[in-house]
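What follows is the residue order along each chain.
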Amino acid sequence: MRAEYRVRGPSEVLPDGEPVAVPGGRCPVLPATLMLRPNRFVSVDERAEQLGERLAALE
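Rules of the game
Residues numbered from 1 in each chain as written. Predicted model: local features only at pLDDT ≥ 70, side-chain atom pairs only at ≥ 80, totals over all residues. Heavy atoms only, no water. Helix = DSSP H or I, 4+ residues; strand = E, 2+ residues; numbered from the N terminus. Contact = heavy atoms within 4.5 Å. Pairing = 2+ DSSP bridges.

### Regarding the environment of arginine 2
Alright, step 1. Considering the arrangement of structural elements, one finds arginine 2 in the segment before strand S1 (3-6).
Alright, step 2. As a C-alpha pair, arginine 2 and leucine 14 span 12 residues in sequence and 8.4 Å in three-dimensional space.
Alright, step 3. Those residues in contact with arginine 2 that lie beyond four places of it in its chain are Leu14, Pro15 and Asp16.

### Considering the pairing of S1
Alright, step 1. Judged from the 4 bridges that link them, S1 and strand S2 (residues 12-15) form a sheet pairing that is antiparallel. When the bridges of S2 are listed, alanine 3 appears paired with proline 15.
Alright, step 2. Between S1 and S2, which pair antiparallel and follow one another directly, the connecting turn spans 5 residues, one of which, glycine 9, has a positive phi of 80°.

The structure is reproduced here in C-alpha cells:
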C-alpha cells in the first residue's frame, strides 16, 4: 500500500490514491512531525515536545 499525505491547505490522506476523510479539529502537528521524518524512528519524547510547543503557542 502506498499513501500520500497532503498538509498544505486541508489535511488529506490518500492510501492507494483514494481519499480518506480526516476528522476536522485534529492537531496537525503529530502527522506533520512523522511525515517530516520518513522511515525514521520518532521518539515519544520528541513527539511530546512537538505537541507541547504547539499547545503552548495556542494559549
